[in-house]
Amino acid sequence: MNPIGALDWLTAAATLGSILLLVFHWRQAPGRTRSIVLGLLLLTLFDSTSNALEWSGITNALDSLEDYLELLRPVMWGILMADLLRIKVERDLLASARRLQQERDLVSSIAETSPAGIVTLNLNGEITYANDRAETVLQLERQNILTRKYNDPKWRIVALNGEPYAAEQLPF
């Protein structure tokens, strides 16, 4: 037997083993990925079997079909790589979202238990958060604080000398 033909038979056997392994672990692979891998394995099985038959001198009748199927292999590899990349990006995104939520929970816990009054503003100068201590310092309930902007005339913002700040001197 030709050594290349023997290698093709070995490839066919290894591919068949890979297909069986994939079937036994079917549920562990992501849905679309397992279909693509199975398709690639079936293409490889067909190709290696066809080549082995050809090298053994049995037949070359499958050559024309083999040529068409060869065109599918790079496309399927591209789809598989894109799918694996999508899975990685989704997993990384979920991990980042979990870490972000943990950090937000930590900051929220620190702000709520802080002995200092803390308020946060959005880019329009609207108050979006006030902790318990801010309620005490400002002598207002949280709902009343959250309905105001930083420059609400009710705050009576003044300089150290008691004079009101001009609008252009305020931060927003």
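Attention in this report is confined to the structure presented alongside it.

What follows deals with unusual backbone geometry. Unusually for a residue other than glycine, glutamine 139 sits at a positive phi of about 55°. Tracing the sequence through the fold places glutamine 139 in the loop between α4 (132-138) and α5 (142-146). Look at arginine 156: it is not a glycine, yet its phi comes out positive at around 55°. Note on placement: arginine 156 falls in the segment after α5. Residue arginine 156 is classed as exposed on the basis of its relative accessible area, which comes to 69%.

In an α-helix, one full turn covers 3.6 residues, which means residues spaced three or four apart are oriented alike. For helix α2 (residues 31-55), with 25 residues, the first-to-last C-alpha span of 36 Å sits near the 36 Å given by 1.5 Å per residue. Phi turns positive one or two residues past the end of α2, at glycine 57, with a value near 80°.

A few words on the pattern of salt bridges. All chains considered together, the criterion is met by six salt bridges. For the salt bridge of glutamate 90 with arginine 86, the shortest nitrogen-to-oxygen distance reads 2.9 Å. Of this pair, glutamate 90 and arginine 86 both sit in helix α3 (residues 63-113), four residues apart, roughly one helical turn. Under the relative-accessibility criterion, glutamate 90 is labelled partly exposed at 40%. Arginine 86 sits in the partly exposed class, given a relative accessible area of 35%. One salt-bridge network, held together by shared partners, links Glu112, Asp132, Glu135 and Arg142.

Another point: the nonpolar core. The biggest cluster of nonpolar side chains holds six residues, and these are Ile127, Ala130, Ala134, Leu140, Ile145 and Trp155. Sequence-distant contacts of isoleucine 145, that is, excluding residues within four places in its chain, are made with Val119, Ile127, Ala130, Ala134, Glu135, Leu138 and Leu140.

The next thing to look at is the pairing of strand β2 (residues 127-130). One ladder, built from three bridges, connects strand β1 (residues 119-121) with β2; its direction is antiparallel. Its bridge partner being in β2, valine 119 is matched across the sheet by alanine 130. In sequence, β1 turns back onto β2 through a hairpin of five residues, with glycine 125 there showing a positive phi of about 80°.

This part takes up α3. Between its terminal C-alpha atoms α3 stretches 75 Å, which fits the 75 Å expected from 51 residues at 1.5 Å a residue. Turning to α3, its buried residues number three or more, namely Glu66, Arg73, Met76, Leu80, Asp83, Ile87 and Ala111. For α3, the elements touching its buried residues are α2 and β2.

Note that serine 114 resides in the loop between α3 and β1. Among the polar contacts listed, one links the side chain of serine 114 to the backbone nitrogen of alanine 116, at a separation of 3.1 Å.

For the rest of this paragraph, the subject is the packing of aromatic side chains. Evaluated as defined, the whole model comprises zero aromatic pairs. Geometry around tryptophan 155 places arginine 148 over its ring, the cationic atom sitting 4.5 Å from the centre.

Take the environment of isoleucine 127 next. Tracing the backbone shows isoleucine 127 in strand β2. Classification of isoleucine 127 as buried rests on a relative accessible area of 7%. Taking the C-alpha atoms as reference, isoleucine 127 lies 16 Å from serine 108; in sequence the two are 19 residues apart. If sequence neighbours within four positions are ignored, isoleucine 127 has contacts with Val119, Thr120, Leu121, Ile145, Leu146, Arg148, Lys149, Tyr150 and Trp155.

Calculation notes
Residues numbered from 1 in each chain as written. Predicted model: local features only at pLDDT ≥ 70, side-chain atom pairs only at ≥ 80, totals over all residues. Heavy atoms only, no water. Helix = DSSP H or I, 4+ residues; strand = E, 2+ residues; numbered from the N terminus. Buried < 20%, exposed > 50% of the residue type's maximum accessible area, 1.4 Å probe, protein only. Expected span 1.5 Å × (residues − 1). Salt bridge = Lys/Arg side-chain N within 4 Å of Asp/Glu carboxyl O. Core = buried A, V, L, I, M, F, W, Y, C linked by side-chain atoms within 4.5 Å. Contact = heavy atoms within 4.5 Å. Pairing = 2+ DSSP bridges. Polar contact = N/O pair within 3.5 Å; in protein donor to acceptor, adjacent residues only side chain to side chain. Phe/Tyr/Trp six-rings, centres within 6.5 Å; stacked < 30°, edge-to-face > 60°. Lys NZ or Arg CZ within 6 Å of the ring centre and 35° of its normal.

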